[in-house]
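# Structural overview
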Amino acid sequence: MALFSSLTPVFIAIICVLIGIILKKTNGQKEKQDIKSKLTSRPWVDEDLKDGTDHPLEEEEGDEEWQGLEENVAHVPFTAERYSEAEMIKRSQTFYELLNKRRSVRFLSDEPVPREVIDNVIRTAGTSPSGAHTEPWTFVVVQDPYLKRKIREIVEEEEEINYKKRMGDRWVNDLKRLRTNWIKEYLDTAPYLILIFKQVYGRFPNGKKKTHYYNEISVSIACGILLAALQNAGLYTVTSTPLNCGPQLRVLLQRPANEKLLLLLPVGYPKKDATVPALTRKPLEDIMVVM
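Summary of the structure given here. The structure displayed is predicted, hence computed values, not measured ones.

### Comments concerning the overall build of the protein chain
- Counting secondary structure elements, the protein chain contains ten helices and five strands.
- Within the protein chain, the proportion of its 291 residues that are buried is 32%.
- Sequence-distant contacts, at least 24 apart, represent 83% of the contacts inside the protein chain between residues at least 6 apart.
- Carbon together with sulfur atoms contributes 56% to the accessible area of the protein chain, which is approximately 20,000 Å² in total.

Written out as structure tokens, the structure reads:
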């Protein structure tokens, strides 16, 4: 009896250790499951699509150099055309009606499009504002059939994985009503593919990294202007963010490491038998708040 009493604290200590090990193992498994769950619930995360504007690169190198502009930029007089109230209302209504006809079209014809039109719409996109006027965008225009075929192969291979594994049931089910899948015929048929890259940083003449402020927002604004310019020219596209394709496409198109793919636009005329989903847009009162 005395021996049992003396061993009781030892047994209790062993039991406590075992319980601790079991709890630690259980918590570890739970953390792994939580991490896996988080990864599964955010399948759209793509390194190229991450916004890195919160991490100014030149600070890491202790670089205090000016960003490449003259210290005292000359200012020149600015004059703007002023319209009457009636003309303003008319122009704003006409422009709205033009843009309201814009639709994402996945059935594009291979009919040739004048190259000058493509040059002009990209010039128009290049008028976009940008952080500290760094203009952090590159528009890669692809018309070569071989390159278009390679781009389609890369995109379809990754998109099939996205649909079957990465995107999850909810996302795939939401897309079913729009009848989309990983087959991207328009990447072959469209006369032009425009790939928009954001330059996450630039380079000084001495090779040091140069911060491109708000590069994500700046390039996104430029993309919006580009879509409006295409609609104004009578051309159509579908906005495509090819998940997990950026690095392969960057290598294929020989773009530098500081450029990350943000958007891919097939551009052309709709096929004669093209269809689009019968969608409606939110009314003004649902998207505007007047204070």
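### Considering the environment of Ile-151
- Along the chain, Ile-151 turns up in helix 5 (residues 145–166).
- The exposure class assigned to Ile-151 is buried, which follows from its relative accessible area of 0%.
- The sequence separation of Ile-151 and Leu-193 amounts to 42 residues, and the corresponding C-alpha distance is 9.4 Å.
- Contacts of Ile-151, omitting those with residues within four sequence positions, involve Val-142, Leu-187, Leu-193, Leu-195, Leu-249, Leu-252, Leu-253 and Leu-264.

### Looking at the nonpolar core
- If you look at the biggest cluster of nonpolar residues, it comprises 22 residues, and the most contacted ones within it are Ile-118, Phe-139, Ile-194, Ile-196, Leu-226, Leu-265 and Val-267.
- Of all the secondary structure elements, the ones that give two or more residues to this core are helix 4 (115–125), strand 1 (137–142), strand 2 (192–199), helix 8 (215–232) and strand 5 (259–267).
- The dominant element in this core, judged by the number of residues it contributes, is helix 8, at seven residues.
- Excluding residues within four positions of it along the chain, Ile-118 makes contact with Val-113, Val-141, Tyr-192, Ile-194, Leu-235 and Val-267.
- Ranked by size, the runner-up nonpolar core spans 19 residues in total, among them Leu-193, Leu-195, Phe-197 and Leu-261.

### Description of the packing of aromatic side chains
- As enumerated under the stated definition, the model contains zero aromatic pairs in all.
- The side chain of Lys-209 reaches across the aromatic face of Tyr-201, ending 4.7 Å from its centre.

### Things to note about the side chain of Ser-130
- Note on placement: Ser-130 falls in the loop between helix 4 and strand 1.
- Leave out the neighbours within four places in its chain, and Ser-130 touches Glu-135, Pro-136, Trp-137 and Ser-218.

### Considerations on the environment of Thr-237
- Within the secondary structure, Thr-237 is located in the loop between helix 8 and helix 9 (246–252).
- The buried category is assigned to Thr-237, whose relative accessible area is 8%.
- It is 9.3 Å that separates the C-alpha atoms of Thr-237 and Tyr-186, two residues lying 51 residues apart in sequence.
- When neighbours within four sequence positions are excluded, Thr-237 is seen to be in contact with Arg-103, Ser-104, Val-105, Leu-227, Leu-230, Leu-265, Pro-266 and Val-267.

### Some thoughts on unusual backbone geometry
- With phi around 55°, His-133 is a residue other than glycine that occupies positive phi space.
- With respect to the helices, strands and loops of the structure, His-133 is situated in the loop between helix 4 and strand 1.
- Here the phi dihedral of Gln-254 falls at roughly 60°; this positive angle occurs in a residue that is not glycine.
- For Gln-254, the location among the structural elements is in the loop between helix 9 and strand 5.
- The exposure class assigned to Gln-254 is exposed, which follows from its relative accessible area of 69%.

### Observations concerning the sheet that holds strand 5
- Strand order in the open sheet formed by three strands is 1-2-5, and the pairing between neighbours is antiparallel. The sheet is open, and its two borders are formed by strand 1 and strand 5, each paired with just one other strand. Within this sheet the neighbouring strands show an average axis-to-axis angle of 20°, counted without direction.
- One ladder, built from eight bridges, connects strand 2 with strand 5; its direction is antiparallel.

### Points about the packing of helix 3 (residues 85–100) against helix 8
- Two elements in contact, helix 3 and helix 8, have axes separated by 9 Å at closest approach and are oriented at 90°. Classed by the angle they form, the pair helix 3 and helix 8 counts as roughly perpendicular. Between helix 3, through Phe-95, Leu-98 and Leu-99, and helix 8, the contact on the second element is made entirely by Ala-228, Gln-231 and Asn-232.
- Considered class by class, the residues forming the contact of helix 3 with helix 8 number four nonpolar, two polar and no charged.

Reading the values: rules and limits
- Residues numbered from 1 in each chain as written.
- Predicted model: local features only at pLDDT ≥ 70, side-chain atom pairs only at ≥ 80, totals over all residues.
- Heavy atoms only, no water.
- Helix = DSSP H or I, 4+ residues; strand = E, 2+ residues; numbered from the N terminus.
- Buried < 20%, exposed > 50% of the residue type's maximum accessible area, 1.4 Å probe, protein only.
- Contact = heavy atoms within 4.5 Å.
- Areas by Shrake-Rupley, 256 points an atom, 1.4 Å probe, with all protein chains shown as cover.
- Core = buried A, V, L, I, M, F, W, Y, C linked by side-chain atoms within 4.5 Å.
- Phe/Tyr/Trp six-rings, centres within 6.5 Å; stacked < 30°, edge-to-face > 60°.
- Lys NZ or Arg CZ within 6 Å of the ring centre and 35° of its normal.
- Pairing = 2+ DSSP bridges.
- Axes fitted to C-alpha atoms, helices over the stretch in contact; angles between N-to-C directions.
- Parallel < 35°, antiparallel > 145°, perpendicular 65-115°, else oblique.
- Nonpolar A, V, L, I, M, F, W, Y, C, P; charged D, E, K, R; others polar.

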